[in-house]
Amino acid sequence: MAHGENFWVAVDQDTVLGTAGLLNIGHGDLALRKMFVAPGHRGKGPGVAAALLAAALDWSAANGFARILLVTTDQFKAAHRFYE
């Protein structure tokens, strides 16, 4: 969490439900990294993924970052739909 970076872990008691991280890539930009949600908690409407992304967006705005860049591959179709 140094250099304008942060990482979140969504938990339910002792179970990790998801993670999200922001990596400072310079020039006021961040990269969304390590965005994962446990299979049993995906696609359930507003939930773990939405909460993690909201936390990342809120934190980046509060810390003066203007852009979060996302890189993913074609194989992650559900991720594409979520980010859109």
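Caption draft 1: Seen up close, the side chain of S60. If you trace the backbone, S60 turns up in helix α1 (residues 48-62). The class of S60 is buried, set by a relative accessible area of 5%. Among residues more than four places away in sequence, those in contact with S60 are L22, L30, F65 and I68.

Caption draft 2: Summary view of the nonpolar core. W8, L22, M35, V48, L52 and W59 are the most contacted members of the largest nonpolar core, which totals 16 residues. Elements with a minimum of two residues in this core: β1 (6-12), β2 (15-26), β3 (29-37) and α1. Here this core gets six residues from one element, more than from any other, and that element is α1. Among residues more than four places away in sequence, those in contact with V48 are A10, L17, G18, V37 and H41.

Caption draft 3: Structural view of unusual backbone geometry. Positive phi is not limited to glycine here, since Q13 has a value of about 60 degrees. With respect to the helices, strands and loops of the structure, Q13 is situated in the loop between β1 and β2. Not every positive phi belongs to a glycine, and H27 is a case in point at roughly 60 degrees. By secondary structure assignment, the location of H27 is in the loop between β2 and β3.

Caption draft 4: Region of the structure containing the pairing of β1. The sheet contact formed by β1 and β2 spans seven bridges and is antiparallel. Each residue of the ladder has a partner; that of V9, found in β2, is T19. Between the antiparallel neighbours β1 and β2 lie two residues, among them Q13 with a positive phi of about 60 degrees.

About the criteria used
Residues numbered from 1 in each chain as written. Predicted model: local features only at pLDDT ≥ 70, side-chain atom pairs only at ≥ 80, totals over all residues. Heavy atoms only, no water. Helix = DSSP H or I, 4+ residues; strand = E, 2+ residues; numbered from the N terminus. Buried < 20%, exposed > 50% of the residue type's maximum accessible area, 1.4 Å probe, protein only. Contact = heavy atoms within 4.5 Å. Core = buried A, V, L, I, M, F, W, Y, C linked by side-chain atoms within 4.5 Å. Pairing = 2+ DSSP bridges.

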